[in-house]
Amino acid sequence: MPDNYSFSTTIPVRISDLNYGGHVGNDSLLSIIHEARMQFLQKFQASELRFFDHSLIMSDVAIEFKSEGFYGDQLQVSVAASHFSRVGFDLYYSLTRMDEKGAVVIALAKTGMIYFDYGQKKVMPLPPSVSQLLSQ
């Protein structure tokens with residue numbers, strides 16, 4: 001996980017995010033990091049479908065669960081781009097909530113993102129200018 005994150009947002013835990021155990025479900029956690037990713041991309045006036053000249057497609061995801069999240073928690077989701085390759089990069093996420101003792105890490109996650117042309121159904125080379133912009 002990176003030492004520094006270039007973006008942070010707050011996402012509330014909704015009642016529909018809870019599973020039968022009464023805490024944030026694994027499927028909802030994936031949706032929460034998706035929301036954080038969209039907000040991160042908006043910072044660059046981009047989205048997954050309109051990512052500079054092409055699009056982004058997720059190639060992989062890893063989530064490490066650390067603690068429970070509950071209804072009403074305000075999750076602080078921090079995002080950083082790193083590990084740039086010829087065709088993509090990784091996004092790292094740290095999700096925390098506050099309690100009486102301070103910040104509690106709920107989960108750490110990573111998504112692999114690939115630069116993709118949906119029209120051609122083809123992976124594209126990631127422009128160096130995009131790598132430089134995202135890594136700032």
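Analysis parameters
Residues numbered from 1 in each chain as written. Predicted model: local features only at pLDDT ≥ 70, side-chain atom pairs only at ≥ 80, totals over all residues. Heavy atoms only, no water. Salt bridge = Lys/Arg side-chain N within 4 Å of Asp/Glu carboxyl O. Buried < 20%, exposed > 50% of the residue type's maximum accessible area, 1.4 Å probe, protein only. Core = buried A, V, L, I, M, F, W, Y, C linked by side-chain atoms within 4.5 Å. Helix = DSSP H or I, 4+ residues; strand = E, 2+ residues; numbered from the N terminus. Contact = heavy atoms within 4.5 Å. Polar contact = N/O pair within 3.5 Å; in protein donor to acceptor, adjacent residues only side chain to side chain. Phe/Tyr/Trp six-rings, centres within 6.5 Å; stacked < 30°, edge-to-face > 60°.

What follows is about the pattern of salt bridges. A pair can form between side chains of opposite charge whenever their charged atoms are brought close. Tallying each qualifying case throughout the model produces seven salt bridges. Salt-bridge contacts for Arg14 lead to Asp17; the nearest nitrogen and oxygen are separated by 2.8 Å. With a relative accessible area of 48%, Arg14 lands in the partly exposed category. Taking the relative accessible area as the measure of exposure, Asp17 reaches 2% and is therefore buried.

As a further point, take the nonpolar core. Taken as a class, soluble globular proteins show a tendency for nonpolar side chains to be buried jointly. With 31 residues, the main nonpolar core has Phe40, Phe51, Val77, Phe89 and Leu95 as its most contacted residues. Of all the elements in the fold, those that place two or more residues in this core are β1 (7–12), α1 (26–42), β3 (74–82), β4 (88–99), β5 (102–117) and α2 (128–134). The element that contributes the greatest number of residues to this core is α1, accounting for six residues. Among all residues touching Phe40, those that are not within four sequence positions of it are Ser6, Phe7, Val79, Ala81, Leu91 and Leu134.

Structurally, the position occupied by His54 is in the loop between α1 and β2 (55–65). A polar side-chain atom of His54 sits 3.3 Å from a polar atom in the side chain of Asp117. When near neighbours in sequence (up to four residues on either side) are disregarded, His54 contacts Leu49, Tyr115, Phe116, Asp117 and Met124.

This part is about the packing of aromatic side chains. Counted by the stated rule, this structure contains seven aromatic pairs. Each ring, one from Phe116 and one from Tyr118, has its centre 4.9 Å from the other, and the planes form 80°; the classification is edge-to-face.

Purely geometric stuff here, so don't read any function into it on its own.
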